[in-house]
Amino acid sequence: MTIMTPPPGDQQEDEEMLVPHSDLVDGTAQPMEVSETEAAVSTVENQQPAEDPPTLKFTWTVPNFSRQNTRKHYSEVFVVGGYKWRILIFPKGNNVDHLSMYLDVADAATLPYGWSRYSQFSLAVVNQIHTRYTIRKETQHQFNARESDWGFTSFMPLSELYDPSRGYLVNDTVYVEAEVAVRKVLDYWSYDSKKETGFVGLKNQGATCYMNSLLQTLYHIPYFRKAVYHMPTTENDAPTASIPLALQSLFYKLQYNDTSVATKELTKSFGWDTYDSFMQHDVQELNRVLSEKLEDKMK
C-alpha cells in the first residue's frame, strides 16, 4: 500500500529565471541516452481525488549518479491527465555549474500539429538525511512543439549536490521528485485581459518587448501619466510626427481600450521604420531619449 504524504512545507524560493533548456532543437524531445550503469528505479503516487485536476507525484531513484556518463539523462515515462511526461536532468549541468532539471513532454516528436498542454508542477531533489532541506521549485508552463520542456537550468549548485555531507547524494544515489498537475489549456485568444485584470497589454511589433515593458512601467506611475496628459499639443500635431502626442494617445488607449494597444504611431514618431522594430535596442538609451524629448516639450 502506498502512503500519500504532502509535499515538504519549507520550500526554497524560485530565484532563477525559468527557461527552456537550450540543448534540444526546436523543442523536440529526444530519446534517452542509455548508459551502462544500473537502470533508474521510479515509483508514482496518486495524490488528488478524481474530481480535482489530474495530479501525480513521481519519484525517480537515480543510482550511480556521479558515474553517469551521459550529458543528459531521462527518467522513465509517467502518465498524468492522459499525457506522457518524463524528467530530464543534466547531472553535470547544462553549460552551467548547477544541476539542470526540466519537465519534458515524452512523446512531443509524435504529437499532431498544434498540440498544447498546460501544467503546474514542481521539481525536487530530496535530502536523504533531513527531508526538510529538500530543494523544491515550482512553476507552470503551457507546453507546445517549440517549448516541449520547461524547468530550471540552475536548479542547485553542483558543489552542494555532490557533497555527501549535504545529504542529497547518499551511496551515490539521488532521489528526484516531480509533482505534476495537468490543467485546462489556457485559450489566450479568448482571454479578456480588461475583464480579468482591468488592464490591457501592448502589441509586439517584432522585437519591441523591451520597449513595451518600459512603456507599461511609465504608464503605471500616476504622476508621470498625469504629466504626459498635461503636455501641450495642438490639433495640428500628428501622432506619427509628435512623440508627446503619440505617447498621450498611447496612454489614453491603455486606460480606456478594451483590447491590446498598438505602438506603431509611437515608433513612427521616433523615426523608426520596420527594420528598427525588429532590432533590439537598449532600453536605458530608449528611456533617456524619450525622457529628453518629453522634457523639451514640457519646457
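You'll find the structure just up there.
Rules of the game
- Residues numbered from 1 in each chain as written.
- Predicted model: local features only at pLDDT ≥ 70, side-chain atom pairs only at ≥ 80, totals over all residues.
- Heavy atoms only, no water.
- Salt bridge = Lys/Arg side-chain N within 4 Å of Asp/Glu carboxyl O.
- Helix = DSSP H or I, 4+ residues; strand = E, 2+ residues; numbered from the N terminus.
- Buried < 20%, exposed > 50% of the residue type's maximum accessible area, 1.4 Å probe, protein only.
- Contact = heavy atoms within 4.5 Å.
- Axes fitted to C-alpha atoms, helices over the stretch in contact; angles between N-to-C directions.
- Parallel < 35°, antiparallel > 145°, perpendicular 65-115°, else oblique.
- Nonpolar A, V, L, I, M, F, W, Y, C, P; charged D, E, K, R; others polar.

Colleague: Sorry if this is basic, but what is going on with the pattern of salt bridges here?
Modeller: This model, assessed by the stated rule, comprises 10 salt bridges. Across the pair Arg 117 and Asp 107 runs a salt bridge, and its minimum N-O distance is 4.0 Å. On the criterion of sequence distance, the pair formed by Arg 117 in strand 7 (residues 116–125) and Asp 107 in the loop between strand 6 (98–105) and strand 7 is long-range, its members being 10 residues apart. The exposure classification of Arg 117 matches that of Asp 107, with both residues buried. A single salt-bridge network, built from bridges that share partners, covers Lys 57, Arg 136, Glu 177 and Glu 179.

Colleague: So what exactly am I meant to see when it comes to helix 3 (residues 209–219) here?
Modeller: Note on helix geometry: an α-helix contains 3.6 residues per turn, so any two residues three or four positions apart are oriented the same way. The buried fraction of helix 3 is high, at eight of 11 residues. Residues Tyr 210, Met 211, Asn 212, Leu 214, Leu 215, Gln 216, Leu 218 and Tyr 219 constitute the buried set of helix 3. The inward-facing, buried residues of helix 3 contact helix 4 (222–229), helix 5 (243–256), helix 6 (264–269) and helix 8 (283–298).

Colleague: Whenever I open this one, the packing of helix 3 against helix 5 confuses me. Can you help?
Modeller: Two quantities define a packed helix pair, namely the angle between the helix axes and the distance between the axes. Two elements in contact, helix 3 and helix 5, have axes whose closest approach is 11 Å; the angle formed by their N-to-C orientations is 75°. Classed by the angle they form, the pair helix 3 and helix 5 counts as roughly perpendicular. Residues Leu 215, Gln 216, Leu 218 and Tyr 219 of helix 3 touch helix 5, and the partners they reach there are Leu 247, Leu 250, Phe 251, Leu 254 and Gln 255. Each residue belonging to the contact of helix 3 with helix 5 can be placed in one class, and the counts come to seven nonpolar, two polar and no charged.

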